[in-house]
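# Commentary on secondary and tertiary structure
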Amino acid sequence: MRILGRDDVRAALAGLDSTVLDSVRNAYVLHSQGQSDLPFSTFLRPLGRPDSRIIALPAYLGGPAPVMGLKWISSFPENVNRGMQRASSLCILNDLESGYPVALMEGSQISAVRTAASAALASGLLSAGRPVRTVGLIGCGTINHRVMSYLAQVHPDIETVLLQDAFPERAKVFAAELAAEYPGIAFRAVDVAAALGAETVSIATTDSSYWLDLADYPDRPHGQVILHLSLRDLSASSVLAAHNVVDDAQHAVREQTSLHRAEQQVGHREFVHAEIGAVLDGRTDPATLARTVVFSPFGLGVLDLAVAEAVLEAAVAAGLGTEVEGFDPGSHKVTSTLTGSAA
């Protein structure tokens, strides 16, 4: 089995952005075509700490290069106050013939890039050909940092990025960091109202209080695309007033996401207008989504495995990682129940 640590994964991802975008796009299409097996994610929470959780996402993705495995990801929001990353993750890939594990890799970077790539892909599709010149980033952490890198590729017309965070000083520091990375774009720390005035808005916070009611900000642009990546920031009424696109309704409308709360309020899921796979393969025309469009991706495990497979291929080609013995069950021996000897 090949083990890829944090530095190995970072090195393998360098220069892999277009491959990641293609992997995410292909995974969405294959999933939409029924070429996947995606059980519901399992949530594990420590007693007395409802905001902290570990999620297991097993998945199989078919197509020309099938892949199977597991994403195991923790989210402990209090880590941020300790100066630590909120999320940590592992990805395990299994051989499709034997089922034996073939790779174990640090997965938080894979999770971040697949989230960012899926968000940028959705923004490009749901903007329906309109140029995007202003972007709002609500939440100034790792995810929106990655989102910015992919949005810059999908929307080359970006001129201004408006940054908001619960801690204003963090937004100012983030603005300075991004300005150094993207010298042709203006970055400004602003309040929520200003950030919500952008054409595309990415919401990636550690909040789970459904604090944001879009009705309180009526001066938002027509046809605005909101990338609701943290899934629990928008009020149920905001969801019900928007055109909603998800990655998979069966997965996204559960576990007390904003969409789940909207379903509990009205008793149905008719407010979910499309899955992203239907937009990708032309079954839904994004130009028909005239109101605010909210993209709420639950985060399908098939995306992580598709990206993990691309990372593994790049790592093997570059000689990254360590091959380790002892992660298979050993040689096959059958012991007779009558003689006690090997058959």
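Overview of the structure. (Residues numbered from 1 in each chain as written. Predicted model: local features only at pLDDT ≥ 70, side-chain atom pairs only at ≥ 80, totals over all residues. Heavy atoms only, no water.)

A few words now on the overall build of the chain. Regarding its fold elements, the chain presents 11 helices and 16 strands. Since a compact globule built from 343 residues should have a radius of gyration of about 20 Å, the 21 Å found for the chain is in line with a globular shape. Seen along its three principal axes, the alpha-carbon backbone of the chain occupies a region of about 80 × 45 × 45 Å. Counting the 343 residues in the chain, one finds 49% classified as buried. The contacts of the chain with a sequence gap of at least 6 include a subset with a gap of at least 24, amounting to 72%. A distance of 4 Å separates the average location of the 25 positive side-chain charges in the chain from that of its 37 negative side-chain charges. (Helix = DSSP H or I, 4+ residues; strand = E, 2+ residues; numbered from the N terminus. Rg over C-alpha atoms; globule rule 2.2 N^0.38 Å. Buried < 20%, exposed > 50% of the residue type's maximum accessible area, 1.4 Å probe, protein only. Contact = heavy atoms within 4.5 Å. Lys, Arg positive; Asp, Glu negative; His and termini not counted. Charge placed at Lys NZ, Arg CZ, Asp CG, Glu CD.)

A word on unusual backbone geometry. Although it is not a glycine, Glu255 adopts a positive phi angle of roughly 55 degrees. One can find Glu255 in the loop between helix H8 (249-252) and helix H9 (258-266). Relative accessible area serves as the criterion here: at 25%, Glu255 is assigned to the partly exposed category. Backbone geometry at Gln256 places phi at a positive 60 degrees, although glycine is not the residue there. Within the fold, Gln256 resides in the loop between H8 and H9.

The next thing to look at is the side chain of His155. By secondary structure assignment, the location of His155 is in the loop between helix H4 (142-154) and strand S9 (160-164). Here Ser123 takes part through its side chain, which lies 2.7 Å from a polar atom of the side chain of His155. Those residues in contact with His155 that sit more than four places away from it in its chain are Ser123, Gly124, Ser127 and Val132. (Polar contact = N/O pair within 3.5 Å; in protein donor to acceptor, adjacent residues only side chain to side chain.)

Look at helix H11 (residues 301-318): 26 Å from first C-alpha to last across 18 residues, which is about the 26 Å you get at 1.5 Å a residue. Gly301, Val302, Leu303, Asp304, Leu305, Ala306, Val307, Ala308, Ala310, Val311, Leu312 and Ala315 are the residues of H11 that are buried. The first or second residue beyond H11 is Gly319, which carries a positive phi of 70 degrees. (Expected span 1.5 Å × (residues − 1).)

Where helix H1 (residues 6-13) contacts helix H3 (residues 108-126), the two axes come as close as 9 Å, and the packing angle between them is 30 degrees. Across from Arg6, Val9, Arg10 and Leu13 in H1, the residues of H3 making contact are Gln109, Ile110 and Val113. Of the residues belonging to the contact of H1 with H3, the class tally is four nonpolar, one polar and two charged. (Axes fitted to C-alpha atoms, helices over the stretch in contact; angles between N-to-C directions. Nonpolar A, V, L, I, M, F, W, Y, C, P; charged D, E, K, R; others polar.)

Of the pockets and cavities examined, the second largest pocket occupies roughly 260 Å³. As for the second largest pocket, its lining consists of 16 residues, and the residues nearest its centre are Ser23, Asn26, Ala65, Ala306 and Glu309. Ranked by residues supplied to the lining of the second largest pocket, first place goes to helix H2 (residues 17-32) with six residues. (1 Å grid on protein atoms, 1.4 Å probe; cavity = no way out; pocket = protein on both sides within 12 Å on 5 of 7 lines; lining within 4 Å. Points joined across faces, edges and corners; volume = space filled by probe spheres on them.)

This part is about H9. Listed as buried for H9 are Ser258, Leu259, His260, Ala262 and Glu263. Those residues of H9 that are buried lie in contact with strand S12 (225-228), helix H7 (236-240), strand S13 (243-246), H8, strand S14 (272-275) and strand S15 (293-296). Taken from the residues just after H9, Gly267 is the one with a positive phi, measuring 80 degrees.

Opposite charge on two side chains lets them pair, provided their charged atoms get close. Counted according to the given criterion, the structure contains 12 salt bridges. Put simply, Arg133 and Glu159 hold a salt bridge, and the shortest N to O gap is 3.7 Å. You can see Arg133 sitting in the loop between H3 and strand S8 (134-138) and its partner Glu159 sitting in the loop between H4 and S9, a full 26 residues away along the chain. Looking at Arg133, the relative accessible area reads 37%, which means it is partly exposed. A cluster of three or more residues bridged by salt bridges with shared partners is formed by Arg6, Asp7 and Arg10. (Salt bridge = Lys/Arg side-chain N within 4 Å of Asp/Glu carboxyl O.)

Attention now goes to the sheet that holds S13. Ordered by their spatial adjacency, eight strands build an open sheet running S10-S9-S8-S11-S12-S15-S13-S14, and the pairing between neighbours is parallel. Among the strands making up the open sheet, the edge pair consists of strand S10 (186-189) and S14. Strand-to-strand twist in this sheet, taken as the mean axis angle between neighbours without regard to direction, amounts to 20 degrees. Sheet topology places S8 next to S9; five bridges connect them, and they run parallel. Bridge assignment links Thr134 to a residue of S9, and that residue is Thr160. (Pairing = 2+ DSSP bridges.)

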